[in-house]
Amino acid sequence: MHHAALPPAGATLAVVQPPLRVTSRGTAEAEVWADLRAEAEAALIEEPLYAGIIQATILDQRSLAQAFAYRLAHRLGDGDLARLSMRDLCLSAFEADPQAGAHAVRDLVAIRERDPTCRRFLDPVLFYKGLAALEAYRVGHWLWHQGRATLALHVQSRISEVFGCDIHPAARIGSGVFIDHATGVVIGETAVIADDVSILQSVTLGGNGKESGDRHPKIERGVLLSVGAKVLGNIRVGAGAKVAAAAVVLQDVPPHTTVAGVPARVVSRLPVGEEPALSMDQSFGYGDGI
């Protein structure tokens, strides 16, 4: 692996970052696609060695859906299902869902708004495991509801192998969802995740025992699931709640509260207007639970 040389001792390392453009959750697909293409054009000059990949992934495509299909195919295609077949599956799923473009845009914008390391749309499309896992899940989810369980489970398996993130294709996930890092995230078959939720690494939305049927958590809008949080069983995490790092949640969480501990309990109450999934603030806070 090539490593960049360190500057001499005492030298000043100048890091030039483009300004962070504040985006809106109502950003239109055409605007995001135009920005993404402009970023790709600039990146061709910035890194000629990667120019072929950028050209094929973004500039040779006619839409955001085609760009995602191409990139996912190259990352998930393997000996069992070639890249061309995987690309056709992804395109079929995206084109069959009239909301696919809106979901993709809101997922991209969520990263721009919540991840301070993300300075352009191009980086998540090319590299971020969380976004790739989420968009690939949407393909598997479409296949599942087409009665094509074998292919849906193949996509789930490839997501797990390539991105380290295991999402059952039957789970229901809204848009504007941010899966940060993705490593170790597990989302069970009957889990439901509403819009505008943020999920950090090593989060589990799992069952609690060997029961069948509806057995996984329901995560309402605007929830922040912090690093290593485990939410187990058919329980509900209320809107605007915050689950602290390493918490083990075994019962319902009231809206606009912070829960922490093993087992988790309410440690603070949040103002109704506060949106922890957007602020990404993982502190416990203070309130009448302490």
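Just above, that's the structure.
A brief structural summary. (Residues numbered from 1 in each chain as written. Predicted model: local features only at pLDDT ≥ 70, side-chain atom pairs only at ≥ 80, totals over all residues. Heavy atoms only, no water.)

**Here's the deal with the sheet that holds strand S7 (residues 204–206)**
Reasoning step 1: Strand order in the open sheet formed by five strands is S1-S4-S7-S10-S13, with parallel pairing between adjacent strands. Two strands close off the open sheet at either side, each with one partner strand: strand S1 (166–167) and strand S13 (248–249).
Reasoning step 2: Bridge count for strand S4 (residues 186–187) against S7 is two bridges, and the pairing is parallel. What sits directly across from Ile187, in S7, is Leu205. (Pairing = 2+ DSSP bridges. Helix = DSSP H or I, 4+ residues; strand = E, 2+ residues; numbered from the N terminus.)

**Re the pairing of strand S14 (residues 257–260)**
Reasoning step 1: Of the two faces of S14, the one carrying Thr257 and Val259 and the one carrying Thr258 and Ala260 are both buried.
Reasoning step 2: As paired strands, strand S12 (residues 242–243) and S14 are joined by two bridges and run parallel to one another. Bridged to Lys242 within S14 is Thr258.
Reasoning step 3: Direction of pairing for S14 relative to strand S15 (residues 265–269): antiparallel, over a ladder of four bridges. The residue of S15 that forms the bridge with Thr258 is Ser268.
Reasoning step 4: Linking two consecutive strands that pair antiparallel, namely S14 and S15, is a turn of four residues; a positive phi of about 105 degrees is found at Gly261 within it. (Buried < 20%, exposed > 50% of the residue type's maximum accessible area, 1.4 Å probe, protein only.)

**Considering the sheet that holds strand S3 (residues 178–179)**
Reasoning step 1: Strand order in the open sheet formed by six strands is S3-S6-S9-S12-S14-S15, with mixed pairing between adjacent strands. Lying at the two open borders of the sheet, with one neighbouring strand each, are S3 and S15.

**Regarding unusual backbone geometry**
Reasoning step 1: A cis geometry characterises the amide bond from Val262 onward to Pro263, with omega recorded as -10 degrees.
Reasoning step 2: A positive phi angle, close to 60 degrees, is found at Met280, a residue other than glycine.
Reasoning step 3: Relative to the assigned elements, Met280 resides in the segment after helix H9 (276–279).
Reasoning step 4: Relative accessible area serves as the criterion here: at 17%, Met280 is assigned to the buried category.

**Things to note about the packing of aromatic side chains**
Reasoning step 1: In the structure shown here, the tally under the stated rule is one aromatic pair.
Reasoning step 2: With a centroid separation of 5.7 Å and an interplanar angle of 45 degrees, the aromatic rings of Tyr50 and Phe127 are classed as tilted. With a gap of 77 residues between them, Tyr50 in the loop between helix H1 (29–46) and helix H2 (51–59) and Phe127 in helix H6 (residues 122–127) connect regions that are remote in the sequence.
Reasoning step 3: Judged by its relative accessible area of 23%, Tyr50 is partly exposed.
Reasoning step 4: Given a relative accessible area of 40%, Phe127 falls into the partly exposed group. (Phe/Tyr/Trp six-rings, centres within 6.5 Å; stacked < 30°, edge-to-face > 60°.)

**Overview of H1**
Since the α-helix packs 3.6 residues into each turn, any two residues three or four apart lie on the same face.
Reasoning step 1: Between its first and last C-alpha, H1 extends 25 Å over 18 residues, near the 26 Å set by a 1.5 Å rise per residue.
Reasoning step 2: Of the residues making up H1, those classed as buried are Val32, Trp33, Leu36, Glu39, Ala40, Ala43 and Leu44. The buried residues of H1 all sit within an arc of 150 degrees when viewed along its axis, so they share a single face. Summarising the geometry of H1, the exposed residues directed more than 90 degrees from the buried face are Ala30 and Ile45.
Reasoning step 3: In this fold, the buried residues of H1 make contact with H2, helix H3 (64–76), helix H5 (100–114) and H6. (Expected span 1.5 Å × (residues − 1). Arc of directions from axis to C-beta. Contact = heavy atoms within 4.5 Å.)

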